[in-house]
Each structure stands twice: as structure tokens, then as C-alpha cells.
Amino acid sequence: MDLYQHTAKELRQKLLGKECSAAEIAQSVFSRIDACEERVGAYVTLDRENALAAAKAVDKKIAAGEEIGPLAGIPVAVKDNICTRDVLTTCASRMLYNFRPPYNATVVERLQGADYVMTGKANMDEFAMGSSSETSYFKKTANPHDLTRVPGGSSGGSAAAVAAGEAVLSLGSDTGGSIRQPSSFCGVVGLKPTYGTVSRYGLIAYGSSLDQIGPIAKDVTDCAAILEVIASYDSKDSTSIDRSRYVGFTAALVNDVTGMRIGIPKDYFGDGLDNEVREKILEAVKILESRGAIVEEFDLSLVKYAIPAYYVIASAEASSNLSRFDGVKYGYRTKEYEGLHNMYKKTRNEGFGAEVKRRIMLGSFVLSSGYYDAYYLKALKTKALIKEAFDRAFARFDVIIAPAAPTTALKLGHSLSDPLKMYLGDIYTVSVNLAGLPGISVPVGLDSKGLPVGMQILGNCFEENKIIRAAYTLEQTLGFVSGHTDRKMEGGEA
């Protein structure tokens, strides 16, 4: 078993036991990148030189008997909308094709303090707008389980990198399911924390009231470990929450759900959900029930209003956030123009892709005079009602179980042909962001095509410990490994 195939926990044990070095771990991951990156396309930018230097620095610490951080020597891919000092941060857009931030995002500073090794910047949908990682200006990312299919989005590169062994861990951002849906498609574990748990300072914003950075890993244990590192109060983020009194997310890694109350929303298991996805999730629910959980169906309501409310709010915030990209201070600028106004227009027209422009126009429309009350204000009221519906549900249940996506991974090109269908694909994930809740996606099996099926476990605000405990118990009981990407990529799948 090559080093890149191990979990972060296993690699740490090997490091401390001096069975391998951090440099050897990094070399193993980069050898894997060399072998399959051309087909997978998980990265926009690789940072090999700095990664190997960071790994050697960890080895020096170990040799000197110094204490090492909890992620020492672990190769991590960072989504390309998270600022990294002097390393290209493009948001997968022509608009930022040459942008090298002069500072690190707070989450990157936290990882550096834990002695991580950054492999590079992961591909994504442009400015995180998409559900397939096909709207990237630079390249399309393929699903390691089937190279003819999408990895999901917008954190598709982050999920594909972990699934393919091109990183041991990764960071994504989740605005409407952008960690959980690609994790489901790629058969890995992805966790979206409670809004405010991880600092957004240095995250290039899409929808500021919805965005949240979170981890993607091979298993629940690694997810909890990296979340424990990146969760922190940050005075530079006005939405950051001080959770320092919490004992730690790894303390929730308990293989026991006895007495846990699990809610199954009928609204999420009706028409539109693929039969194989439904069957795999309900089988997983039965496993939790056999372990002592108390399972009950209920009506969540308001599900049909989540998609329109989400896209009105997210697009409105995007139109505001993206107004700063005008070709004046940094990034792309059109070559030929007449006057300042013409430069703005041509730069933004040439620098943004079709999906980004579509959402900017939608956001500008719903914020315009005469339509603000009819659309944006109504969407905010709907958001409040959705939060109230979840509050009522969590008064009865510890966790809620739902699909992460209506189907398994789609064929490349399928989503782009019908943007509305792509938006509707977020039906099971956007409510979590509207309500600011935590959610984790865990693999629960493969469909008849050999594609991973993911299941969401949702918790109340600040109750990540409950969803981690449920996910860990399921993982330990199910023993499901969604790997085999070596065979898939080396066979005839593509």
C-alpha cells in the first residue's frame, strides 16, 4: 500500500513511529499526481517546491525532537478561492488568472501552525458558481471513479484530489452544498460546519451570508481532526463565533448511537430522487437503527421554496461581492478600451464566464428598484421560515438524514446544457446553508454503475459532535471503502 493511500491518522502514526518521513509522504503524493493529474484535472496550480520544503522542515523538527503539529507532513489541497500568500489564487476565473495574494487566509494560517504541507490549489467552478466543476476557465475536472463523469461542484477539485490520492486532505467551501455534493459524487467524506465556525477571512466571497469553509477527507476521523485545527474565532471576520469552550471534534468519534433520535424528512425522499440512491440511504438508516438509534419520519415542509430563496439571496450577494473585480487594481484587464466606463464593461465581459454573468445579472435584477421587495425581501423571509422549520425539527431529533444529491455523478456536459436543471440538483443541500446548519456527507455504497452514493447527516447549529458521532458509527459499522480509483483510472473507464 503506497503512502498516498493512507489516511492522515495512519500517516501521523507512521511519522511518529519513524516508519517513513514527511518528505517520503510528499513524494508519494506528487508521484501520484504525476501519474493521474492529466486525466483527473484536480488542480489549477501545483506548489511542489514549497510543499517539499515544508515536508523537509517537518522532518527536521522530528529529528530535533521538537513537538510537531497535528497535521504535520500531511499533504493538503486548498480550494482556489482561499487566499494563499504569493501562490496563485484564481477562483478558476480569467478575471483572477494572475492574482497572487499578499496575505494568507486565516484558515491557511491555522493549517501552517499545524505543520501541514500544501500540494497546490484545487480546481473549482468559477467563483464557486456551479455544481460540476465544469465552469472553470482553466480546465474541467473528472470524477476519479469514472473519468467520463463530473466530480460535482463547486469544490470538485478538492473532492477529486482526495478520491484520486492526489491529496490526503483538502479544503473546500460550501455556499449551497459545494462540499457535500462533490464529496458524495467522489465517495469521500465532506463536512460543512455551522456558519461562523471557520473564519471566512481570505475566502473570496460568493454569498457572504452562506459561505463556509470545511474539510474533505477519506474518512470521518480525518474530517474531525482537520476541523479541530481550522475552527477558531477570528476578529478579522465579523461573523466568526468563539467556540473555544468546545472540547474538540475528535472527542465525538464514538462508535455508538444508542438512543440517538434520527429524523427522516418525507419531503426529501419523494419524486425526483433516484431509486438506487434512495435504497442505499435507507439501508444505511436501518444500520443506524440496528445500532440503537430511534428513527422516525416527519414532514419538514418548505423544501420546494429552498431553491428559489437560495438563488435569489446568493445571486444578490454575488452581484455585490463581484463588483470589486473591475480591472483597476488587480487581475484581468481588457487590452483595448476607450475611457474608464468602456474598460469596466469590456473587462467584466471578457473576464467572467457565462455562469458568473448569469448570476450577476439575476442578482442585480432582484436588488433593483421595484423588484427588491418582490424578490429579495421575500427570499429573506423564506430563509427565516426555513430556519424555523429546522428549529422545530431539532426540538424532536438529534440529527436529520437526507440525500446529498438526487443522483450519482452525472456525465460531463450534462449540467451545462440545462442551467435550471443544475440549480434544481441542489435541492437537498441549500437549506442547510440558508439555516446556517452543519452537515456531513458520508459514502454509503455504490450504485449499479459502480458510482458512489453519498448520504447527508444534518445537525442543529453548533452540534457537529452529533453528526460526527452518527457518521463515525455508520462508517465503522458499514466498513464501506469507496476507493478502487486506481483500477478505475487504469482500466477502460475513460
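All figures in this text were calculated on a predicted structure; none of them were measured in a lab.

> Got a minute to help me understand the sheet that holds strand β6 (residues 213–217) in this structure?
Sheets are built from strands that pair by backbone hydrogen bonding, the pairs being arranged parallel or antiparallel. In space, the 11 strands of this open sheet follow the order β1-β3-β2-β4-β6-β5-β10-β11-β9-β7-β8, with mixed pairing throughout. Each end of this open sheet is capped by a strand with a single partner; those strands are β1 (43–46) and β8 (294–298). The average undirected angle you get between the axes of adjacent strands in this sheet is 25°. When strand β2 (residues 75–79) meets strand β3 (residues 117–122), the two strands line up parallel, connected through five bridges.

> Help me understand helix α4 (residues 106–113), please; the structure alone is not making it clear to me.
Because each turn of an α-helix spans 3.6 residues, side chains separated by three or four positions end up pointing in the same direction. Here α4 has its buried residues at T106, V107, V108 and L111. Of the surrounding secondary structure, the elements contacted by the buried residues of α4 are β4 (169–173), β6 and α7 (220–230). Remark: D115 follows α4 within two positions and exhibits a positive phi of approximately 70°.

> Teacher, can you tell me more about the nonpolar core here?
Nonpolar side chains in soluble globular proteins tend to end up buried together. Formed by 147 residues in total, the largest nonpolar core has its most connected members in F127, F390 and I457. Counting residues per element, this core draws most heavily on helix α9 (residues 303–321), at 11 residues. When sequence neighbours within four positions are dropped, the list of residues in contact with F127 reads C91, S93, M95, L96, I204, Y206, L322, F325, F352 and V356. Ranked by size, the runner-up nonpolar core spans seven residues in total, among them A159, V162, A163 and C186.

> How should I be thinking about empty space enclosed by the protein in this particular structure?
Any space left empty among the atoms is revealed by the rolling of a water-sized probe across them. Enumeration over the complete set of coordinates arrives at two cavities of 30 Å³ or more. Its boundaries defined by the atoms lining it, the largest cavity holds a volume of some 70 Å³. Lining the largest cavity are 13 residues; nearest its centre among them are G130, S131, S178, Y310 and D426. Partitioned by chemical class, the residues of the lining of the largest cavity number five nonpolar, six polar and two charged. Of the voids in this model, the second largest cavity is the one considered here, and its volume is about 40 Å³. Looking at the second largest cavity, the residues that line it are Y268, L300, S301, L302, V303, I386, A389, F390 and S431. With three residues, helix α12 (residues 372–394) is the single largest residue contributor to the lining of the second largest cavity. For the lining of the second largest cavity, a count of residues per class yields seven nonpolar, two polar and no charged.

> When you look at the packing of helix α2 (residues 22–40) against helix α3 (residues 48–63) in this model, what are you seeing that I'm missing?
Relative to each other, α2 and α3 sit at 155°, their axes nearing to 7 Å. Of the possible angle classes, the one that applies to α2 and α3 is roughly antiparallel. Once α2 is placed against α3, the crossing between them reads as right-handed. Here α2 contributes A22, A23, A26, Q27, F30 and D34 to the contact with α3, which in turn contributes R48, A51, L52, A55, K56, V58 and D59. Of the residues contributing to the contact of α2 with α3, the split by class is eight nonpolar, one polar and four charged.

The rules behind each value
Residues numbered from 1 in each chain as written. Predicted model: local features only at pLDDT ≥ 70, side-chain atom pairs only at ≥ 80, totals over all residues. Heavy atoms only, no water. Pairing = 2+ DSSP bridges. Helix = DSSP H or I, 4+ residues; strand = E, 2+ residues; numbered from the N terminus. Axes fitted to C-alpha atoms, helices over the stretch in contact; angles between N-to-C directions. Buried < 20%, exposed > 50% of the residue type's maximum accessible area, 1.4 Å probe, protein only. Contact = heavy atoms within 4.5 Å. Core = buried A, V, L, I, M, F, W, Y, C linked by side-chain atoms within 4.5 Å. 1 Å grid on protein atoms, 1.4 Å probe; cavity = no way out; pocket = protein on both sides within 12 Å on 5 of 7 lines; lining within 4 Å. Points joined across faces, edges and corners; volume = space filled by probe spheres on them. Nonpolar A, V, L, I, M, F, W, Y, C, P; charged D, E, K, R; others polar. Parallel < 35°, antiparallel > 145°, perpendicular 65-115°, else oblique. Left-handed = near helix turned anticlockwise from the far one by under 90°.

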